[in-house]
Amino acid sequence: MPAARSPWRDYLELTKPKVVALIVFTAIVGTLLASPGMPPLDALLWGNLGIACAAACAAVINHVLDRRIDEQMGRTRGRPLPTGRLSERRALVFAAVLGVTAMSILSLRVNLLTAVLTFASLIGYAVVYTVWLKRATSQNIVIGGAAGAAPPVLGWTAVTGHVDPNALLLFLIIFAWTPPHFWALAIARRDEYARAGIPMLPVTHGVEYTRLHVLLYTVLLVLVTLLPFLTRMSGLIYLASALVLNAMFLYHALVMKITARVELPMRVFRFSITYLMWLFAALLVDHYLPTTQGGF
(Lines give C-alpha, C1' and ligand atoms only; values in the text may rest on other atoms or scores of the structure.)
Protein backbone atom coordinates (compact mmCIF):
# COMPACT_ATOMS: atom_id res chain seq x y z
CA MET A 1 0.00 0.00 0.00
CA PRO A 2 1.52 3.37 -1.03
CA ALA A 3 2.43 5.81 1.74
CA ALA A 4 -0.02 8.64 2.37
CA ARG A 5 0.90 11.90 0.71
CA SER A 6 1.82 14.73 3.09
CA PRO A 7 -0.76 17.57 2.96
CA TRP A 8 1.99 20.20 2.74
CA ARG A 9 3.00 18.76 -0.64
CA ASP A 10 -0.50 19.47 -1.97
CA TYR A 11 -0.39 23.04 -0.72
CA LEU A 12 3.06 23.46 -2.25
CA GLU A 13 1.79 22.08 -5.58
CA LEU A 14 -1.01 24.66 -5.58
CA THR A 15 1.61 27.42 -5.62
CA LYS A 16 3.18 26.14 -8.88
CA PRO A 17 6.67 26.30 -7.34
CA LYS A 18 8.60 25.96 -10.60
CA VAL A 19 6.67 28.84 -12.17
CA VAL A 20 7.04 30.95 -9.03
CA ALA A 21 10.78 30.21 -8.97
CA LEU A 22 11.18 31.62 -12.50
CA ILE A 23 9.04 34.65 -11.58
CA VAL A 24 11.10 35.36 -8.47
CA PHE A 25 14.35 34.90 -10.38
CA THR A 26 13.37 37.59 -12.91
CA ALA A 27 12.20 39.82 -10.04
CA ILE A 28 15.55 39.38 -8.26
CA VAL A 29 17.36 40.31 -11.47
CA GLY A 30 15.22 43.45 -11.67
CA THR A 31 16.10 44.25 -8.06
CA LEU A 32 19.83 43.84 -8.66
CA LEU A 33 19.87 45.76 -11.95
CA ALA A 34 18.12 48.72 -10.33
CA SER A 35 21.18 49.56 -8.26
CA PRO A 36 24.76 50.30 -9.43
CA GLY A 37 26.10 48.07 -6.66
CA MET A 38 24.24 45.85 -4.23
CA PRO A 39 20.68 47.01 -3.58
CA PRO A 40 19.40 47.68 -0.05
CA LEU A 41 19.00 44.38 1.77
CA ASP A 42 15.40 45.20 2.77
CA ALA A 43 14.38 45.70 -0.85
CA LEU A 44 16.15 42.54 -1.96
CA LEU A 45 14.78 40.25 0.73
CA TRP A 46 11.38 41.69 1.63
CA GLY A 47 10.58 42.84 -1.89
CA ASN A 48 11.15 39.45 -3.45
CA LEU A 49 9.51 37.59 -0.59
CA GLY A 50 6.39 39.70 -1.10
CA ILE A 51 6.49 39.14 -4.86
CA ALA A 52 6.91 35.38 -4.29
CA CYS A 53 3.89 35.27 -1.95
CA ALA A 54 1.78 37.23 -4.45
CA ALA A 55 2.80 34.92 -7.32
CA ALA A 56 1.97 31.89 -5.19
CA CYS A 57 -1.40 33.44 -4.30
CA ALA A 58 -2.21 33.96 -7.97
CA ALA A 59 -1.24 30.36 -8.73
CA VAL A 60 -3.57 29.00 -6.03
CA ILE A 61 -6.48 31.13 -7.29
CA ASN A 62 -5.73 29.86 -10.80
CA HIS A 63 -6.00 26.27 -9.52
CA VAL A 64 -9.39 27.02 -7.97
CA LEU A 65 -10.82 28.77 -11.00
CA ASP A 66 -9.49 26.16 -13.43
CA ARG A 67 -10.52 23.10 -11.42
CA ARG A 68 -13.12 21.89 -13.92
CA ILE A 69 -10.79 22.47 -16.84
CA ASP A 70 -8.00 20.63 -15.02
CA GLU A 71 -10.29 17.60 -14.60
CA GLN A 72 -10.47 17.27 -18.40
CA MET A 73 -6.76 17.53 -19.16
CA GLY A 74 -4.27 14.71 -18.73
CA ARG A 75 -1.51 17.14 -17.73
CA THR A 76 -3.53 18.57 -14.83
CA ARG A 77 -6.12 16.04 -13.68
CA GLY A 78 -3.77 14.74 -10.98
CA ARG A 79 -3.62 18.13 -9.23
CA PRO A 80 -4.84 18.42 -5.60
CA LEU A 81 -8.24 19.98 -6.38
CA PRO A 82 -9.42 17.70 -9.24
CA THR A 83 -8.41 14.64 -7.21
CA GLY A 84 -10.15 15.93 -4.10
CA ARG A 85 -7.04 15.84 -1.93
CA LEU A 86 -7.76 19.47 -1.05
CA SER A 87 -11.07 21.34 -1.05
CA GLU A 88 -11.68 24.61 -2.83
CA ARG A 89 -12.43 26.24 0.52
CA ARG A 90 -9.02 25.29 1.95
CA ALA A 91 -7.32 26.45 -1.23
CA LEU A 92 -9.05 29.83 -1.07
CA VAL A 93 -8.10 30.28 2.58
CA PHE A 94 -4.51 29.45 1.65
CA ALA A 95 -4.65 31.97 -1.21
CA ALA A 96 -6.03 34.63 1.13
CA VAL A 97 -3.21 34.06 3.63
CA LEU A 98 -0.61 34.32 0.86
CA GLY A 99 -2.23 37.44 -0.59
CA VAL A 100 -2.54 39.27 2.71
CA THR A 101 1.03 38.33 3.60
CA ALA A 102 2.29 39.61 0.25
CA MET A 103 0.49 42.94 0.45
CA SER A 104 1.47 43.45 4.10
CA ILE A 105 5.14 42.82 3.37
CA LEU A 106 5.24 45.03 0.28
CA SER A 107 3.26 47.93 1.69
CA LEU A 108 4.87 47.97 5.13
CA ARG A 109 8.45 46.86 4.44
CA VAL A 110 9.04 47.92 0.81
CA ASN A 111 6.94 50.71 -0.75
CA LEU A 112 3.37 51.41 -1.77
CA LEU A 113 4.06 51.51 -5.52
CA THR A 114 5.46 47.98 -5.51
CA ALA A 115 2.48 46.79 -3.48
CA VAL A 116 -0.02 48.40 -5.87
CA LEU A 117 1.71 47.10 -9.01
CA THR A 118 2.03 43.62 -7.53
CA PHE A 119 -1.65 43.57 -6.61
CA ALA A 120 -2.57 44.71 -10.14
CA SER A 121 -0.40 41.93 -11.58
CA LEU A 122 -2.04 39.37 -9.28
CA ILE A 123 -5.53 40.43 -10.33
CA GLY A 124 -4.47 40.56 -13.97
CA TYR A 125 -3.35 36.93 -13.96
CA ALA A 126 -5.64 35.31 -11.41
CA VAL A 127 -8.86 37.05 -12.47
CA VAL A 128 -8.64 38.92 -15.79
CA TYR A 129 -6.64 36.23 -17.61
CA THR A 130 -7.98 33.10 -15.91
CA VAL A 131 -11.65 34.09 -15.70
CA TRP A 132 -12.07 36.10 -18.90
CA LEU A 133 -9.22 36.20 -21.42
CA LYS A 134 -8.37 32.50 -21.29
CA ARG A 135 -11.92 31.61 -22.30
CA ALA A 136 -12.68 34.62 -24.53
CA THR A 137 -10.02 34.89 -27.23
CA SER A 138 -7.23 32.98 -28.94
CA GLN A 139 -5.01 35.98 -28.19
CA ASN A 140 -5.45 35.31 -24.48
CA ILE A 141 -1.77 34.67 -23.80
CA VAL A 142 -0.65 37.76 -25.75
CA ILE A 143 -2.92 40.12 -23.82
CA GLY A 144 -2.60 38.32 -20.51
CA GLY A 145 1.17 38.14 -20.86
CA ALA A 146 1.43 41.62 -19.35
CA ALA A 147 0.79 40.20 -15.88
CA GLY A 148 3.48 37.56 -16.28
CA ALA A 149 5.96 40.15 -17.56
CA ALA A 150 5.65 42.38 -14.48
CA PRO A 151 8.04 40.72 -11.96
CA PRO A 152 11.30 42.43 -13.03
CA VAL A 153 9.50 45.79 -12.92
CA LEU A 154 8.27 44.95 -9.43
CA GLY A 155 11.79 44.04 -8.36
CA TRP A 156 13.05 47.31 -9.80
CA THR A 157 10.45 49.48 -8.08
CA ALA A 158 11.19 47.72 -4.78
CA VAL A 159 14.60 49.45 -4.91
CA THR A 160 13.85 52.75 -6.62
CA GLY A 161 10.22 53.48 -5.79
CA HIS A 162 9.48 54.42 -9.40
CA VAL A 163 9.11 52.76 -12.82
CA ASP A 164 12.29 53.18 -14.87
CA PRO A 165 12.54 52.85 -18.69
CA ASN A 166 15.15 50.13 -18.25
CA ALA A 167 12.71 48.17 -16.11
CA LEU A 168 10.20 48.43 -18.95
CA LEU A 169 12.77 46.85 -21.29
CA LEU A 170 12.83 43.81 -19.01
CA PHE A 171 9.02 43.80 -19.07
CA LEU A 172 9.07 43.94 -22.88
CA ILE A 173 11.46 40.97 -23.13
CA ILE A 174 9.18 38.70 -21.09
CA PHE A 175 6.09 40.06 -22.86
CA ALA A 176 7.57 39.11 -26.26
CA TRP A 177 8.84 35.77 -24.91
CA THR A 178 5.49 34.60 -23.52
CA PRO A 179 3.59 33.80 -26.78
CA PRO A 180 6.22 31.52 -28.37
CA HIS A 181 6.83 29.91 -24.98
CA PHE A 182 3.18 29.16 -24.26
CA TRP A 183 2.00 28.47 -27.81
CA ALA A 184 4.58 25.70 -28.09
CA LEU A 185 2.93 24.06 -25.08
CA ALA A 186 -0.52 24.74 -26.52
CA ILE A 187 0.43 22.89 -29.73
CA ALA A 188 1.54 19.88 -27.69
CA ARG A 189 -1.69 19.96 -25.66
CA ARG A 190 -4.03 21.05 -28.45
CA ASP A 191 -6.46 18.13 -28.11
CA GLU A 192 -6.77 18.62 -24.37
CA TYR A 193 -7.47 22.34 -24.74
CA ALA A 194 -10.06 21.53 -27.41
CA ARG A 195 -11.85 19.06 -25.13
CA ALA A 196 -11.87 21.63 -22.33
CA GLY A 197 -13.31 24.30 -24.65
CA ILE A 198 -10.37 26.68 -24.24
CA PRO A 199 -9.78 28.74 -27.42
CA MET A 200 -6.00 28.50 -27.55
CA LEU A 201 -4.49 29.53 -30.88
CA PRO A 202 -3.85 25.98 -32.23
CA VAL A 203 -7.46 25.09 -31.38
CA THR A 204 -9.04 28.08 -33.15
CA HIS A 205 -6.57 28.60 -36.02
CA GLY A 206 -4.79 25.28 -36.40
CA VAL A 207 -1.34 23.96 -35.62
CA GLU A 208 0.39 25.24 -38.76
CA TYR A 209 -0.83 28.78 -38.16
CA THR A 210 0.43 28.57 -34.58
CA ARG A 211 3.83 27.22 -35.65
CA LEU A 212 4.20 30.23 -37.95
CA HIS A 213 3.31 32.64 -35.17
CA VAL A 214 5.75 30.97 -32.78
CA LEU A 215 8.46 31.69 -35.36
CA LEU A 216 7.29 35.27 -35.96
CA TYR A 217 7.14 36.09 -32.26
CA THR A 218 10.58 34.54 -31.81
CA VAL A 219 11.90 36.96 -34.45
CA LEU A 220 10.21 39.79 -32.53
CA LEU A 221 11.80 38.51 -29.33
CA VAL A 222 15.24 38.56 -30.96
CA LEU A 223 14.80 42.22 -31.87
CA VAL A 224 13.49 43.15 -28.42
CA THR A 225 16.38 41.44 -26.64
CA LEU A 226 18.86 43.65 -28.50
CA LEU A 227 17.38 46.78 -26.90
CA PRO A 228 19.29 46.55 -23.60
CA PHE A 229 22.56 46.72 -25.56
CA LEU A 230 21.38 49.40 -27.99
CA THR A 231 20.18 51.64 -25.15
CA ARG A 232 23.44 51.18 -23.18
CA MET A 233 21.67 49.38 -20.39
CA SER A 234 23.99 46.39 -20.94
CA GLY A 235 27.31 45.71 -22.62
CA LEU A 236 29.16 43.12 -24.68
CA ILE A 237 28.76 40.21 -22.27
CA TYR A 238 25.00 40.48 -22.52
CA LEU A 239 25.10 41.05 -26.30
CA ALA A 240 27.21 37.96 -26.94
CA SER A 241 24.98 35.84 -24.71
CA ALA A 242 21.79 37.18 -26.29
CA LEU A 243 23.06 36.49 -29.82
CA VAL A 244 23.89 32.87 -28.97
CA LEU A 245 20.61 32.27 -27.13
CA ASN A 246 18.58 33.95 -29.86
CA ALA A 247 20.26 31.83 -32.55
CA MET A 248 19.32 28.71 -30.59
CA PHE A 249 15.72 29.84 -30.07
CA LEU A 250 15.35 30.75 -33.74
CA TYR A 251 16.72 27.35 -34.71
CA HIS A 252 14.22 25.57 -32.46
CA ALA A 253 11.30 27.67 -33.75
CA LEU A 254 12.33 27.22 -37.39
CA VAL A 255 12.72 23.47 -37.07
CA MET A 256 9.28 23.27 -35.44
CA LYS A 257 7.83 25.33 -38.31
CA ILE A 258 9.19 23.12 -41.10
CA THR A 259 9.09 19.76 -39.33
CA ALA A 260 5.97 18.04 -38.02
CA ARG A 261 7.68 15.81 -35.44
CA VAL A 262 5.39 15.51 -32.45
CA GLU A 263 8.12 15.94 -29.85
CA LEU A 264 9.26 19.34 -31.13
CA PRO A 265 6.63 21.60 -29.46
CA MET A 266 7.52 20.35 -25.97
CA ARG A 267 11.21 20.65 -26.83
CA VAL A 268 10.66 24.30 -27.80
CA PHE A 269 8.61 24.88 -24.65
CA ARG A 270 11.32 23.48 -22.38
CA PHE A 271 14.10 25.32 -24.20
CA SER A 272 12.21 28.61 -23.89
CA ILE A 273 12.37 28.34 -20.09
CA THR A 274 16.12 27.70 -20.20
CA TYR A 275 16.48 30.57 -22.66
CA LEU A 276 14.82 33.10 -20.37
CA MET A 277 16.82 32.00 -17.35
CA TRP A 278 20.16 32.32 -19.15
CA LEU A 279 19.19 35.60 -20.79
CA PHE A 280 18.40 37.20 -17.44
CA ALA A 281 21.50 35.62 -15.91
CA ALA A 282 23.53 37.28 -18.70
CA LEU A 283 21.99 40.64 -17.82
CA LEU A 284 23.09 40.11 -14.25
CA VAL A 285 26.65 39.02 -15.10
CA ASP A 286 27.02 41.96 -17.47
CA HIS A 287 25.80 44.33 -14.76
CA TYR A 288 28.46 43.25 -12.27
CA LEU A 289 31.23 42.61 -14.80
CA PRO A 290 30.79 45.65 -17.05
CA THR A 291 32.59 45.80 -20.38
CA THR A 292 32.20 48.20 -23.28
CA GLN A 293 28.68 49.58 -23.16
CA GLY A 294 26.24 49.24 -26.00
CA GLY A 295 24.48 51.78 -28.15
CA PHE A 296 25.40 53.90 -31.10
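Further up the page is the structure itself.
Below or above, wherever it landed, is the structure these notes cover. Everything numeric here is computed off the predicted structure, so don't read it as measured data.

The rules behind each value
Residues numbered from 1 in each chain as written. Predicted model: local features only at pLDDT ≥ 70, side-chain atom pairs only at ≥ 80, totals over all residues. Heavy atoms only, no water. Helix = DSSP H or I, 4+ residues; strand = E, 2+ residues; numbered from the N terminus. Rg over C-alpha atoms; globule rule 2.2 N^0.38 Å. Buried < 20%, exposed > 50% of the residue type's maximum accessible area, 1.4 Å probe, protein only. Areas by Shrake-Rupley, 256 points an atom, 1.4 Å probe, with all protein chains shown as cover. Lys, Arg positive; Asp, Glu negative; His and termini not counted. Charge placed at Lys NZ, Arg CZ, Asp CG, Glu CD. Patch = residues over 30% accessible without salt bridge, like charges linked within 9 Å, V, L, I, M, F, W, Y side chains within 5 Å. Salt bridge = Lys/Arg side-chain N within 4 Å of Asp/Glu carboxyl O.

Before going further, it helps to examine the overall build of the protein. In terms of regular secondary structure, the protein is built from 16 helices and zero strands. For 296 residues, the compact-globule formula gives about 19 Å, and the C-alpha radius of gyration of the protein, at 19 Å, lands near that figure. Expressed as lengths along the three principal axes of its C-alpha atoms, the size of the protein is roughly 60 × 50 × 40 Å. For the protein, the proportion of its 296 residues judged to be buried stands at 51%. Working note: accessible area of the protein is about 13500 Å², and carbon and sulfur atoms make up 69% of it. The positive charge centre, built from 24 side chains, and the negative charge centre, built from 13, are 4 Å apart in the protein.

For the rest of this paragraph, the subject is unusual backbone geometry. Positive phi values are uncommon outside glycine, yet Lys-16 reaches one of about 50°. With phi around 70°, Arg-232 is a residue other than glycine that occupies positive phi space. By the element assignment, Arg-232 lies in the loop between helix H14 (227–230) and helix H15 (236–258). Classification of Arg-232 as partly exposed rests on a relative accessible area of 48%.

Residues Leu-65, Phe-119, Ile-123, Val-127, Val-128, Val-131 and Trp-132 make up a contiguous nonpolar surface patch of roughly 600 Å² in combined accessible area. Here the nonpolar patch gets six residues from one element, more than from any other, and that element is helix H7 (residues 112–136). With respect to the helices and strands, the residue Val-127 is situated in helix H7. By relative accessible area, Val-127 is classed as partly exposed at 38%.

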